[in-house]
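Residue-level listing of the chains:
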Amino acid sequence: MEQRWGLPLIAWPSRLRPNLWDLVALPLVLGALALVAWGGMKMGARYEVGESLPMSLDPWRLPEYALRTVLRMAASLVVSLAFSFPYAALAAKSRQAEKILIPVLDILQSVPVLGFLSITVTGFIALFPGRLLGVECAAIFAIFTSQAWNMTFSLYQSFRTVPVELVEAARMYHLSPWQRFWRLEVPHGVPPLIWNMMMSVSAGWFFVVASEAITVSGQTILLPGVGSYIATAIAERDLAAIGYALLIMLIVILLYDQLLFRPLLAWSRKFRGDADSEEYDVRPWFLLVMQRARLFDLLQSGVLALNRALDRAITAMSWRRSPAYDTGPASPAMIRFFDLALLGVASAAVVWLFAFVREQVSGDEIGWVFLLGALTALRIIVLIVIASLIWVPVGVWIGLRPQLAERVQPVVQFLAAFPANLVFPAVVVLILKFELNPEIWLSPLMILGTQWYILFNVIAGTTALPTELKLVASNLGLRRWLWWRRVIWPAIFPAYVTGAVTAAGGSWNASIVAEVVQWGNTTLQATGIGAYITEYTAAGDPARIALGIGVLCLYVLVFNRLLWHRLYELAAERLRLD
């Protein structure tokens, strides 16, 4: 061994020696760690409920506010991923668990963000007394509720629609349940999941105004962030400040598009059947940095070693428990007993809610609230149909052009992240100037931020279309309606259903703010369940709030059970037949 100054020199493997790419990677990694540490210190600062947190409209404070908001959204994205994988897997693999988990998910996505905040904020503050961290956790949880459901539905749809030939291949190779999950089902779900992660982050921006303004004991706490900045600017009618907020939002969206989602999308292409296609052979600059910098290679080696050790341990455990997976389906008597028990619990909850509401609300008013729910449902159905007619063709056209899809992606992210309340002044002015009917013209606000779920999922479904299938359709000369009916629509149908069900759920949620629009002293209101909940939330009437949210959730459950999940079954059945 070669020696220098009497000491042996250790031969470093070439793949671990620093290179020029590390000069780019190292500052990025150290800078990210420093920003996370700084943000963590700010989140854990001392704070007592009742103290005021000053908000400044000085544009030079916006970078700090943007960082605080991005850290909250990043934390909620991590929690959403940790929630989505086990929840979706259990719902997709167990028919009995699905009967509970999917209706619960339907209810959760329809409950307004403000409803989650009012329930959880006191508990989070009690967990961290004397610290701002409790309020921060409440805000992170609220943003989580705007991100997780879409990602969970995407994974659930992917796990249910794994192609049958891949399932047969897994059986031939004798993969354990754990290996099948991580080597077949998760890779199959990764491409649509990443597209829905982008949509979920944008949805977090949409609700960030409500998430960063938290009311406790009659006091509104404005956490430092872009959402609080926008809320303050609206309250003070400062259009210049709103413009600065939009500019910083655009910059942040472009940054996480370049540093996170473009590399993830390029990485996810290896899970496609035609990953070697030249039209997809484009690697973003940051992905090149991560692939060529030895620093990331070293980190990857450590992560892969840990992953292999966990994989071996869990695989060994799963093989020892493998007989449990061969016990066959439950007996009809057990299934019937489970269904009856589930029906009993649901009936008991409905009876309790009805008794609580009936103490203060008359029967006529309960019937009126059901009619309000029907009016809002009619608006949502019409809006989903219109949005589908517009965005399905546009999404297919974009998805068939991968390079265009990459350029359009940040634009759609920004449009999806655009807070709807910034449009309220223009809507109020236009409705008053042209004497329009608020019952009709307030409705588009309900789908302003949720229509992009349809576009994102259709683009994702189209980009996943195998190149061989496109070539076959071209060689056979399929045109127009036959091409749509035989090629495109079957390919994008599962992704469209995911986009439509999340868009519908988001529209029910958005009705809370869209059916009552206020700008200064002017208030416009449409008749619907959202306006009812908003009115009695402001009045602090718990019985009528419970009635409104209960009716809203009931409508969502009925629609999802009778329509959307039947379409899920149809999509899964088509893939099994194919």
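Residues numbered from 1 in each chain as written. Predicted model: local features only at pLDDT ≥ 70, side-chain atom pairs only at ≥ 80, totals over all residues. Heavy atoms only, no water.

1. Examining the pattern of salt bridges
What counts is decided by this rule: Salt-bridge detection follows one rule: a side-chain nitrogen of Lys or Arg within 4 Å of a carboxyl oxygen of Asp or Glu. Going along the chain from the N terminus, every DSSP run of H or I of four or more residues is numbered as a helix, and every run of E of two or more is numbered as a strand. Only protein chains enter the calculation, and the probe is 1.4 Å; a residue is then buried if its accessible area is under 20% of its type maximum, exposed if over 50%, and partly exposed in between.
As enumerated under the stated definition, the model contains 14 salt bridges in all. Of the charged contacts in the structure, one is a salt bridge between E212 and R72, with a shortest N-O distance of 2.9 Å. Of this pair, E212 sits in the loop between α7 (177–211) and β3 (213–216) while R72 is found in helix α2 (residues 62–93), placing the two residues 140 residues apart along the sequence. With relative accessibility at 0%, the residue E212 sits in the buried group. For R72, a relative accessible area of 0% corresponds to the buried category. For the salt bridge of K93 with E185, the shortest nitrogen-to-oxygen distance reads 2.7 Å. Here the residue K93 occupies a position in helix α2, and E185 occupies one in helix α7, the gap between them amounting to 92 residues.

2. Thoughts on the side chain of T376
Our working definition: Only heavy atoms matter for contacts: two residues are in contact if any of them lie within 4.5 Å across the pair.
Counting through the fold element by element, T376 comes out in helix α13 (residues 363–399). When near neighbours in sequence (up to four residues on either side) are disregarded, T376 contacts M446, W508, S511, E515, G528, I529 and G530.

3. Notes on the environment of A169
Within the secondary structure, A169 is located in helix α6 (residues 164–172). Taking the C-alpha atoms as reference, A169 lies 9.6 Å from L184; in sequence the two are 15 residues apart.

4. Notes on the side chain of T498
Within the fold, T498 resides in helix α19 (residues 480–514). T498 gets classed as buried once you look at its relative accessible area, which sits at 1%. For T498, the contacting residues outside a window of four places in its chain are F153, S154, Q157, N196, N457 and Y568.

5. Concerning the environment of V458
With respect to the helices and strands, the residue V458 is situated in helix α17 (residues 451–463). Along the backbone, V458 and G395 are 63 residues apart, and their C-alpha atoms lie at a distance of 5.3 Å. Those residues in contact with V458, other than ones at most four positions away along the chain, are W391, V392, G395, V396, I492 and Y496.

6. With respect to the nonpolar core
Rules: For the purposes of this section, nonpolar cores are sets of buried Ala, Val, Leu, Ile, Met, Phe, Trp, Tyr and Cys residues that join through side-chain atoms within 4.5 Å.
F159, W205, Y229, L442, I454, W508 and L547 are the most contacted members of the largest nonpolar core, which totals 125 residues. If one sorts the elements of this core by residue count, α7 sits on top with 14 residues. Every residue in contact with Y229, bar those within four places of it in the chain, is listed here: M55, S56, L57, D58, P59, L62, Y65, A241, Y244 and A245.

7. Focus: a nonpolar patch on the surface
Cut-off, in case you're wondering: Patch criteria: residues need more than 30% relative accessible area and no salt bridge. Like-charged residues are merged within 9 Å; nonpolar side chains of Val, Leu, Ile, Met, Phe, Trp and Tyr are merged within 5 Å. Residue-level accessible areas treat just the shown protein chains as cover; the underlying method is Shrake-Rupley with a 1.4 Å probe.
A grouping of V24, L28, L247, L250, I251, L254, L255, L259 and W285 is seen on the molecular surface, where their side chains present a nonpolar patch of about 740 Å² in accessible area. Listing elements by their share of the nonpolar patch, those giving two or more residues are α1 (22–43) and α9 (239–268). In terms of residue count, the dominant contributor to the nonpolar patch is α9 (6 residues). According to the relative accessible area criterion, L255 is partly exposed, its value standing at 48%.

8. Section: the packing of α19 against helix α20 (residues 529–539)
For clarity, the threshold we go by: A fitted line through C-alpha atoms serves as each axis, taken over the contacting stretch for helices, and the angle formed by two N-to-C directions is quoted from 0 to 180°. Note on terminology: angles under 35 degrees are roughly parallel, angles over 145 are roughly antiparallel, angles of 65 to 115 are roughly perpendicular, and the others are oblique. Should the near helix be turned counterclockwise from the far one by less than a right angle, the crossing is left-handed, whereas a clockwise turn marks it as right-handed. Residues are grouped as follows: nonpolar covers Ala, Val, Leu, Ile, Met, Phe, Trp, Tyr, Cys and Pro; charged covers Asp, Glu, Lys and Arg; every other residue, Gly included, is treated as polar.
α20 packs onto α19 with a crossing angle of 50 degrees between their chain directions and a minimal axis gap of 7 Å. By the angle between their axes, α19 is oblique relative to α20. By crossing handedness, the relation of α19 to α20 is classed as right-handed. Only I529, G530, A531, I533 and T534 of α20 make contact with α19, whose side of the interface consists of W508, S511 and I512. A class-by-class count of the residues in the contact of α19 with α20 yields 5 nonpolar, 3 polar and no charged.

9. What to know about unusual backbone geometry
The backbone of E435 sits at a positive phi, close to 55 degrees, despite the residue not being glycine. Inspection of the secondary structure assignment puts E435 in the loop between α15 (424–433) and α16 (438–441). Judged by its relative accessible area of 72%, E435 falls in the exposed class.

10. A few points about α1
Heads up, the condition is: Between the first and last residue of a helix there are one fewer steps than residues, each counted as 1.5 Å, and that sum is the expected span. This arc is taken over the directions from the axis of the helix to the C-beta atoms.
Given a rise of 1.5 Å per residue, 22 residues ought to cover 32 Å, and the 31 Å separating the end C-alpha atoms of α1 matches this to within 8%. Among the residues of α1, D22, A25, G39 and M43 are the ones counted as buried. Buried residues of α1, viewed axially, fall in a sector of 140 degrees; they line one side. Facing away from the buried side of α1 by over 90 degrees, the exposed positions are L23 and M41.

11. A look at the packing of aromatic side chains
So the rule is basically this: Any two rings among Phe, Tyr and Trp, with Trp reduced to its six-membered ring, count as a pair given centres within 6.5 Å; such a pair is stacked if its planes are under 30 degrees apart, edge-to-face if over 60, and tilted if neither.
Scanning the model with the defined rule gives 19 aromatic pairs in all. Between F83 and F144 the ring centres are 5.6 Å apart and the planes differ by 90 degrees, which places this aromatic pair in the edge-to-face class. You can see F83 sitting in helix α2 and its partner F144 sitting in helix α5 (residues 133–160), a full 61 residues away along the chain. Judged by its relative accessible area of 7%, F144 is buried. Ring centres 4.8 Å apart and planes at 55 degrees place the aromatic pair Y532 and Y536 in the tilted group. Of this pair, Y532 and Y536 both sit in helix α20, 4 residues apart, roughly one helical turn. Looking at Y532, the relative accessible area reads 5%, which means it is buried. On the basis of relative accessible area, Y536 is assigned to the buried category, the value being 19%. A network of ring pairs unites the aromatic residues F83, Y87, F124, F141, F144 and W149 as a single cluster.

12. Topic: the confidence of the model for the chain
Detailed reading of the predicted coordinates is not advisable wherever pLDDT is low. The criterion, for reference: A residue's pLDDT is the confidence the predictor assigns to it, expressed on a 0 to 100 scale.
Within the chain, residue pLDDT values average 80, and 86% of them lie at 70 or more. Averaged pLDDT values for the elements of the chain fall to 48 in strand β2 (residues 7–8) and rise to 93 in α13. Predicted confidence for residues 275–280 stays below pLDDT 50, and this span has 12 contacts to residues more than four positions away or in other chains. Contacts from residues 322–327, a stretch scored under 50 in pLDDT, to residues over four places away or in other chains number 1 contact.

13. A word on the packing of α5 against α19
Following both chains from N to C, one finds α5 and α19 inclined at 155 degrees, their axes separated by 10 Å at the closest point. The angle between α5 and α19 falls in the class roughly antiparallel. As for the relative orientation of α5 and α19, their crossing is right-handed in sense. Along its contact with α5, which presents N150, F153, S154 and Q157, the element α19 presents P494, A495, T498 and T502. Residue composition of the contact of α5 with α19, by class: 3 nonpolar, 5 polar and no charged.

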